[in-house]
Amino acid sequence: MRLSDVHGLAPLALAVILAIAFVPQAKAQETSSQSIERRVNEILRQMTLEEKVGQLNLVSHGPPLRWEDISEGKAGALLNFNSAPDVARAQALARQSRLKIPPLFGLDVLHGFRTQFPLPLGEAAAFSPRVSRLASEWAAKEAAYVGVNWTFAPMADLSRDSRWGRIVEGFGEDPYLGSVLTAARVEGFRQGGLAAAAKHFAGYGAPQGGRDYDTTYIPRAEMYDTYLPPFRAAVEAGSASFMAAFNALNGEPSTANPWLLTDILRKQWGFDGFVTSDWVGIGELINHGIAVDGAEAARKAILAGVDMDMMGLLYIKHLPDEVRAGRVPESVIDESVRRVLRTKFRMGLFDRPDMDPSRSDSAFPNPESRQMARAVARETFVLLQNRGDVLPVPASARSIAVIGPLADAPHDQMGPHAARGHKEDSVTVLEGIRRRAQGTGITVRHAPACDLFCRDTSGLPAALDAAKQSDFVIAVFGEPQELSGEAASRAHLELNGKQIDVLEELAKTGKPVALILLGGRPQVLGSVAERVPAILMAWYPGTEAGPALADVLFGDVSPSGKLPLTWPRATGQLPFYYNRLPTGRPTKPENRFTLQYIDEAITPLYPFGWGLSYTQFAYADAAMAQKQLDQGQVLEVSVSVKNTGAREGQEVVQLYTRDPVASRSRPLRELKAFEKIALKPGETKRVTLRVPVESLGFHLDDGTYLVEAGAIQVFVGGSSLAEPIGEAEITKTFRIPPMERRASASTSIAQ
Ligand code: BGC
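Parameters and conventions
- Residues numbered from 1 in each chain as written.
- Predicted model: local features only at pLDDT ≥ 70, side-chain atom pairs only at ≥ 80, totals over all residues.
- Heavy atoms only, no water.
- Axes fitted to C-alpha atoms, helices over the stretch in contact; angles between N-to-C directions.
- Helix = DSSP H or I, 4+ residues; strand = E, 2+ residues; numbered from the N terminus.
- Parallel < 35°, antiparallel > 145°, perpendicular 65-115°, else oblique.
- Left-handed = near helix turned anticlockwise from the far one by under 90°.
- Contact = heavy atoms within 4.5 Å.
- Nonpolar A, V, L, I, M, F, W, Y, C, P; charged D, E, K, R; others polar.
- Buried < 20%, exposed > 50% of the residue type's maximum accessible area, 1.4 Å probe, protein only.
- Pairing = 2+ DSSP bridges.
- Right-handed = clockwise from strand over helix to strand, strands pointing away.
- UniProt positions renumbered as here; feature names shortened; annotations may be inferred.
- Near = heavy atom within 4 Å.
- Polar contact = N/O pair within 3.5 Å; in protein donor to acceptor, adjacent residues only side chain to side chain.
- Areas by Shrake-Rupley, 256 points an atom, 1.4 Å probe, with all protein chains shown as cover.
- Phe/Tyr/Trp six-rings, centres within 6.5 Å; stacked < 30°, edge-to-face > 60°.
- Lys NZ or Arg CZ within 6 Å of the ring centre and 35° of its normal.
- Expected span 1.5 Å × (residues − 1).
- Disulfide = S-S within 2.5 Å.
- Core = buried A, V, L, I, M, F, W, Y, C linked by side-chain atoms within 4.5 Å.

1. Quick notes on the packing of helix α17 (residues 460–468) against helix α18 (residues 499–508)
Each pair of packed helices can be described by the angle between their axes along with the distance between the axes.
Okay, step 1: Interhelical geometry of α17 versus α18 gives an angle of 30° and a closest axis separation of 10 Å. Accordingly, the angle class assigned to the pair α17 and α18 is roughly parallel. Judged by the sense of rotation from one axis to the other, the crossing of α17 with α18 is right-handed. Side by side, α17 and α18 meet where L460, A463, L464 and A467 of the first sit next to V502, E505 and L506 of the second.
Okay, step 2: Within the contact of α17 with α18, the residues separate by chemical class into six nonpolar, no polar and one charged.

See below:
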């Protein structure tokens, strides 16, 4: 039935029709989940203890996997299988096993499979769930095409510390943005044919000193308010699975943490999928100092709620004996197996034909995937500064010097975790500029100036010559991909090697210089921010880096990305984030005994939410639909945004709130809603942003959620420096105990 067909019907008749239309569907749904449970239990009844534990064993392609493990029912899940012939071979072996249970095929598919899309942190800069959904769907489609059915993504770890290399895999520092984008990614992966594994549960993004794998201390109220919401959004969006984190949280390793894995995830959030460990994470419980040997590690992990052992081989080795010795109840194993089988049924694995081994990922990139990757990438570039409107490249420029080692770095532009990415598929920045310049009479010169890590600057004189002979300089520098991602913590975030010297020299030529920065995190720019007028953060843009950057550099498209994290002036400012608590001594520049550094500004170089366009936007007539808010109500804030410049552009309209007086200190600002809009020159749009009153509260350490009566300040604008527009009044305090909050959870990520 289409909605138009029901117009004009009396309300009662309409209600009856709707009831008739929807009841059978609800019933069918009920029946399908009941039938899944029945089929799961049927299989479970036939399983030996060893076969059960086999379903909990996740093994990688290559050693130690023996292919016969699959036909013997000892490897219920496989990872790093990324080609159709291998998948088909494993499926055929699974069919030879006694119970013929199809395996899961897991892989890190984060931002593309063969076609590379921007890294998740860059994708987050698009501030667009639509873009995130699209990119994830494409990544999934290509992976699913060759038989991958499960991705170890999205990473839902919030991080406020760019020293941590894995910040590139997430969405940055904000729990609201993180929740919206994590949900979009889960949905996108599912639409494209992959079950998600939200990772790394939890607190992994806040390691001390930014050191990957190091320990994390986060008060429980802060876990609930800041670090857990994106994971909860993953559950609500239907993430099939979770991955436990490597780190210890407040002294309890996440891989054996019943509070996280059972109390929060299962009891409070009602998650009924399964949890895998991270790579050998169970064995690492011995290093964490909470298990004496593999048997104890396996026991602690399964009892805490880790259902699957990734690459540890400890479950398969020890759990049968642990059960026989009475240290692990068989019902615990049954429950874990139930979760795995339920997920396999939900994914339809039992009812699917096996993979066609003739399929190959060389079907990609195809023209459509390239077009998508290009469209996504150009939404993610953040124009950090553009003094004197240096960008876009003016039509008068007849020659361009493209300088820098990352201008022609087909491997590095793909970024870390590039799945089956081939550098041969990449269109480099240089190539993109050359293609764009072709036929326009613009001469393009290229000189790298230094090696990839910019230690050897013997190429500098040639680069300076190229710059001097040209009307415009595009410098492409930043972090080679090896400096970003897992196990790439950095203690010095300055542009690595001699990049600052090279950029200083380029600036001295007096030519207009635009710096394109590649990298997986904000880098400390030092004097470059003063010396180079235009800086565009391009993250790792992926396969179509060149065409996407050319679109923006030449002004065919205005940049529209916004920073998903605070950009520091110095490494020593980290951890650094906009939604911090007030202090008793707010900064007063003339008073040393207030919040400040004696050797650096207290402000970031660029704030959260920041990003310029080639056009300008004026905000006017902000208004709140209602100023009194009762439980269950939604604050509606409208504002008119006008494109006052001469070019088309997109703006991310952002709404922040502050609770200025509460029973505990509340952040100075918190993002609560945003919307990305496109405006033609001179065009005005009225944007309405909605904030459920339920999202204006905070947690206590016991998980109780509290929305207190009182004034809430509201700010609207194009960054976290948004202007105040007034106050809304919450009329009465309400408390929601952790278990009850489950029912109302979806309102917290309404977007
Ligand atoms: C990472 C995970 C990843 C896994 C499998 C681990 O080292 O921490 O994020 O999914 O490897 O590749």
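2. Section: the packing of helix α16 (residues 429–437) against helix α20 (residues 545–553)
Okay, step 1: For the pair α16 and α20, the least separation of the axes is 7 Å and the interaxial angle reads 55°. With respect to α20, the element α16 is oriented oblique. Crossing hand, α16 versus α20: right-handed. In contact with V429, G432, I433, R435 and R436 of α16, α20 contributes G546, P547, L549, A550 and L553.
Okay, step 2: For the contact of α16 with α20, the residue count by class is six nonpolar, two polar and two charged.

3. Looking at the pairing of strand β5 (residues 195–201)
Okay, step 1: Counted residue by residue, β5 has seven buried out of seven residues, so it is predominantly covered.
Okay, step 2: The pairing of strand β4 (residues 150–151) with β5 spans two bridges and is parallel. Following the sheet pairing, T151 is matched in β5 by A196.
Okay, step 3: Once you follow β4 into helix α7 (residues 175–192) and on to β5, the crossover reads as right-handed.
Okay, step 4: The pairing of β5 with strand β6 (residues 241–244) spans three bridges and is classified as parallel. Bridge pairing in β6 links F201 to A244.

4. A few points about the UniProt feature "domain: Fibronectin type III-like" (unreviewed entry) in the protein chain
Okay, step 1: In the numbering used here, UniProt assigns the "domain: Fibronectin type III-like" (unreviewed entry) feature to residues 651–720.
Okay, step 2: Within the segment residues 651–720, helix and strand shares are 0% and 57% respectively, and the terminal C-alpha atoms sit 14 Å apart.

5. Concerning the site of the ligand
Okay, step 1: The full set of residues close to the ligand is D108, F152, R166, K199, H200, M243, F246, D278, W279 and E486.
Okay, step 2: A distance of 2.6 Å is found between an oxygen atom of the ligand and a side-chain nitrogen or oxygen belonging to D278.
Okay, step 3: Taking E486, its side chain carries an N or O atom lying 2.9 Å from an oxygen atom of the ligand.
Okay, step 4: Here the ligand has 310 Å² of accessible area as a free molecule, and 91% of this is covered by the chains.
Okay, step 5: Broken down by class, the residue content of the shell around the ligand amounts to four nonpolar, one polar and five charged.

6. Some points on the packing of aromatic side chains
Okay, step 1: Summed over all chains, the structure comprises 21 aromatic pairs.
Okay, step 2: Measuring from ring centre to ring centre gives 5.8 Å for Y224 and W259, while their planes differ by 90°; the resulting arrangement is edge-to-face. Pair noted here: Y224 is in helix α8 (residues 220–227) and W259 is in helix α10 (residues 258–268), with a separation of 35 residues, a long-range link. An identical accessibility class is assigned to Y224 and W259; each is buried.
Okay, step 3: Taken together through their ring pairs, the aromatic side chains of F127, Y176, Y578, F608, Y656 and F674 make up a single cluster.
Okay, step 4: Taking the ring centre of W138 as reference, the NZ or CZ of K141 above it sits at 4.4 Å.
Okay, step 5: Over the face of the ring belonging to Y577 we find R160, whose NZ or CZ atom lies 3.6 Å from the ring centre.

7. Some thoughts on α7
Okay, step 1: Taking 1.5 Å of rise per residue, the 18 residues of α7 would be expected to cover 26 Å, and the 25 Å separating its terminal C-alpha atoms lies within 8% of that figure.
Okay, step 2: With 15 of its 18 residues buried, α7 lies for the most part within the structure.
Okay, step 3: Positive phi shows up at G193, right after α7, with a value of about 105°.

8. Some points on unusual backbone geometry
Trans peptide bonds make up most of the peptide bonds, and negative phi angles are found at most residues other than glycine.
Okay, step 1: Along the chain, P63 connects to P64 via a cis peptide bond; the corresponding omega equals 10°.
Okay, step 2: Mapped onto the fold, P64 is located in the loop between β1 (57–60) and α3 (67–71).
Okay, step 3: Between F201 and A202 the backbone carries a cis peptide bond, its omega angle lying at 5°.
Okay, step 4: Note on placement: A202 falls in the loop between β5 and α8.

9. Some words on the state of the cysteines
Okay, step 1: The final tally for this structure, using the stated rule, is one disulfide.
Okay, step 2: One disulfide bridge connects C450 with C454, the sulfur atoms lying 2.1 Å from each other. In this structure, the disulfide formed by C450 and C454 twists by about -95° around the S-S bond and is classed as left-handed. Taken as a pair, C450 and C454 share a single burial class, namely buried.

10. Focus on the nonpolar core
Okay, step 1: With 143 residues, the main nonpolar core has W150, F201, L228, F242 and Y315 as its most contacted residues.
Okay, step 2: At seven residues, α7 tops the list of elements feeding residues into this core.
Okay, step 3: The residues contacting F242, other than those within four sequence positions of it, are A197, A198, F201, F231, A234, V235, L265, F271, F274, V275 and T276.
Okay, step 4: A125, A466, L506 and W567 belong to the second-largest nonpolar core, a separate cluster that totals 42 residues.

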